[in-house]
Number of protein chains: 2
Amino acid sequence: METLSEIRSHSGTQGVYRHASSATGTEMTFAVFVPDHAPGETLPVLWYLSGLTCTHANVMEKGEYRAACAAHRVILVAPDTSPRGDDVPDAAGEYDFGKGAGFYVDATQAPWDTHYRMRSYIEDELPALIAAQFPADMARQGITGHSMGGHGALTIALRNPDRFRSVSAFAPICAPALVPWGEKALGRYLGEDRAAWSEYDAVALIAGGARLPELLVDQGLADNFLADQLRTELLEAACAAAGIPVTIRMHEGYDHSYFFISTFMAEHVGWHAARLTR
Amino acid sequence: METLSEIRSHSGTQGVYRHASSATGTEMTFAVFVPDHAPGETLPVLWYLSGLTCTHANVMEKGEYRAACAAHRVILVAPDTSPRGDDVPDAAGEYDFGKGAGFYVDATQAPWDTHYRMRSYIEDELPALIAAQFPADMARQGITGHSMGGHGALTIALRNPDRFRSVSAFAPICAPALVPWGEKALGRYLGEDRAAWSEYDAVALIAGGARLPELLVDQGLADNFLADQLRTELLEAACAAAGIPVTIRMHEGYDHSYFFISTFMAEHVGWHAARLTR
């Protein structure tokens, strides 16, 4: 692992790191904020998965999480959203597929299956690296994310119920198999057999018996993607049917941007911290 | 005035606006955050002047001021740092002169004197526009800024003692007449007669009798520009000699970036609010 930068901020260290990933077959860059801590002490870990077009940098610059992470003494890890590099196939001119749009799947269809293995990267490879390289208590992990990253957070948590004590999302894509962004991405990464999509669809996973301990979702009512791409009501109904305790807060006037995310970030960090430190 | 965007954030409105400036002879863009307020209510105004290479957008995206401004009910205004446009002369390849480096002066030397009139813009034209277009109580104004913008905040406050109730700065250029950034900019904008520079030099203004009611400065000790360009010790000495109450906080490990600024932004907003709302 190579350190690209480490900058002091909010009584902690905001770092950016790069490593050769065996999951994606590329170099991968990610950001980690580590609050000040005692020698030998380990801190809980909150994963933040980003949305379409983003890298690790968007939330690092605009997410306003460091004050809350420092106050609650929580490490925040922000991975990239896809493999990168000249060798990685891309979809030129499409912001919602290819680079920046990995959708947290392990692709099975050529040419995507060589590098687009973000599920294995986030579920297996990067946690092992975080555990080895940072003062992280991997027994206390939470996960959140925005939009495509909200989809990632929900589906990864649903498939790994023993790993995460706390799960939240900002404006998640709740049912990708039923919306244009998801139909496009899952169809091309996984093929047209929709049976293969269900493990990457939070609503389908819940319908199939997967469970979360509890869920916090914030969603803006002025979000242009709400009706066609996010479908919060389907997640709410799935949680209700499954008996998953869910708090879905719909916010008048808020959109899909980091102006929305940053508004509620401190509350999410505090919500996770309460569940990770008790 | 044209509204370029208005986005809900932190229980307020983050707007970006453009207008034709008579001071600069160009269109100028600026950002304003207005916390929610009652109809007819006016709120105090905090000016934030940005540093070299910045526009209104840097602090708007990375400054982490909105939560504190909403909590304290303070409007924040973030102007651009220079005139912009194809007609505006620039210094190609120089980040510290020309566009993005207006240094808050009214230039007197050709070709800069036509458009580089940021002093008049910030001191006269933009305040009138803010007063006319926003729910601003112009009897309660504070000013802060970063680096070149810290220089701007200090010098504008020193020249306008009746306008600002509160003044602070992040890593300000304290004595531009004595450091490379300032010698270059003041020499080219104002000419080589250094007598003309003193009204744009905080340390010289204080030595000449100008006063601030009180001053808060945060400065990182890992700031690469501290020794050669910022010279905090000269400001400290000038304030001490003049009897200006000053709190200068030197922070181990912090650099010159928005990772530093955002760390202390909420404290600055609270510090100004305490002086603007009493």
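Remember, predicted model here, so these are calculated numbers, not experimental data.

So, about the relation of the copies chain A and chain B. The two chain copies are connected by a rotation around an axis plus a translation along it. Least-squares fitting of chain A to chain B yields an RMSD of 0.0 Å, with the transformation described by 0.0 Å of translation along the axis and a rotation of 180 degrees. What the superposition gives is, in effect, a two-fold axis relating one chain to the other. Of the C-alpha atoms belonging to chain A, the one lying closest to the rotation axis is found on K62(A), 2.7 Å away.

With that settled, consider the confidence of the model for chain A. With 100% of its residues at a pLDDT of at least 70, chain A reaches an overall mean of 98. Scored by ipTM, the complex comes to 0.95, with pTM at 0.97.

All names here are of chain B. Here we have 9 strands laid out as an open sheet, ordered β1-β2-β3-β5-β4-β6-β7-β8-β9, and mixed in their pairing. Only two strands of the sheet have a single neighbouring strand rather than two, namely β1 (2-9) and β9 (246-251). With direction set aside, neighbouring strand axes in the sheet form an average angle of 20 degrees. Of the strands in this sheet, β2 (12-20), β3 (27-35), β4 (43-49), β5 (75-79) and β6 (136-145) touch helix α3 (residues 118-133), which is tilted by about 50 degrees from β3. Relative to strand β7 (residues 164-170), helix α9 (residues 258-276) is tilted by about 165 degrees, and along the sheet it contacts β4, β6, β7, β8 (215-220) and β9.

Okay, the state of the cysteines next. Across all of its chains, the model carries 0 disulfides over all chains by this definition. Here C174(A) stays unpaired: no disulfide links it, and the sulfur of C239(A), its closest cysteine neighbor, is 8.6 Å away.

Here we take up the UniProt feature "active site" (unreviewed entry) in chain A. All names here are of chain A. Per the UniProt record, "active site" (unreviewed entry) is found at S147, D223 and H256. Taking the farthest pair of C-alpha atoms as the criterion, the annotated set spanning 110 residues converges on one region, since that pair is 10.7 Å apart. Assignment of secondary structure puts D223 in the loop between β8 (215-220) and α7 (226-230). If we ignore the near neighbours within four places in the chain, the residues touching D223 are A171, L230, Y254, D255 and H256. Within polar-contact distance, the side chain of D223 engages the side chain of Q219 at 3.1 Å. Looking at the secondary structure, you find H256 in the loop between β9 (246-251) and α9 (258-276). Not counting residues within four places of it along the chain, the set of residues in contact with H256 comprises H146, S147, A171, D223, F225 and L230.

So, on to unusual backbone geometry. Residues and elements named next belong to chain A. Note the cis peptide between A110 and P111, where omega equals 0 degrees. Tracing the backbone through its elements, the reader meets P111 in the loop between β5 (75-79) and α3 (118-133). Residue S11 is not a glycine yet carries a positive backbone phi of 55 degrees. With respect to the helices, strands and loops of the structure, S11 is situated in the loop between β1 (2-9) and β2 (12-20). Note on S11: relative accessible area 39%, which makes it partly exposed. A positive phi angle, close to 55 degrees, is found at E64, a residue other than glycine. With respect to the helices and strands, E64 occurs in the loop between α1 (56-62) and α2 (66-72).

The next subject is the side chain of T232(A). With respect to the helices and strands, T232(A) occurs in helix α8 (residues 232-242). Not counting residues up to four positions away in its chain, the partners in contact with T232(A) are C174(A), Q219(A), L226(A), I248(A) and M250(A).

The rules behind each value
Residues numbered from 1 in each chain as written. Chains lettered and ligands numbered in written order. Predicted model: local features only at pLDDT ≥ 70, side-chain atom pairs only at ≥ 80, totals over all residues. Heavy atoms only, no water. Least-squares fit on C-alpha atoms with pLDDT ≥ 70 in both. pLDDT = per-residue confidence, 0-100. Pairing = 2+ DSSP bridges. Helix = DSSP H or I, 4+ residues; strand = E, 2+ residues; numbered from the N terminus. Axes fitted to C-alpha atoms, helices over the stretch in contact; angles between N-to-C directions. Contact = heavy atoms within 4.5 Å. Disulfide = S-S within 2.5 Å. UniProt positions renumbered as here; feature names shortened; annotations may be inferred. Polar contact = N/O pair within 3.5 Å; in protein donor to acceptor, adjacent residues only side chain to side chain. Buried < 20%, exposed > 50% of the residue type's maximum accessible area, 1.4 Å probe, protein only.

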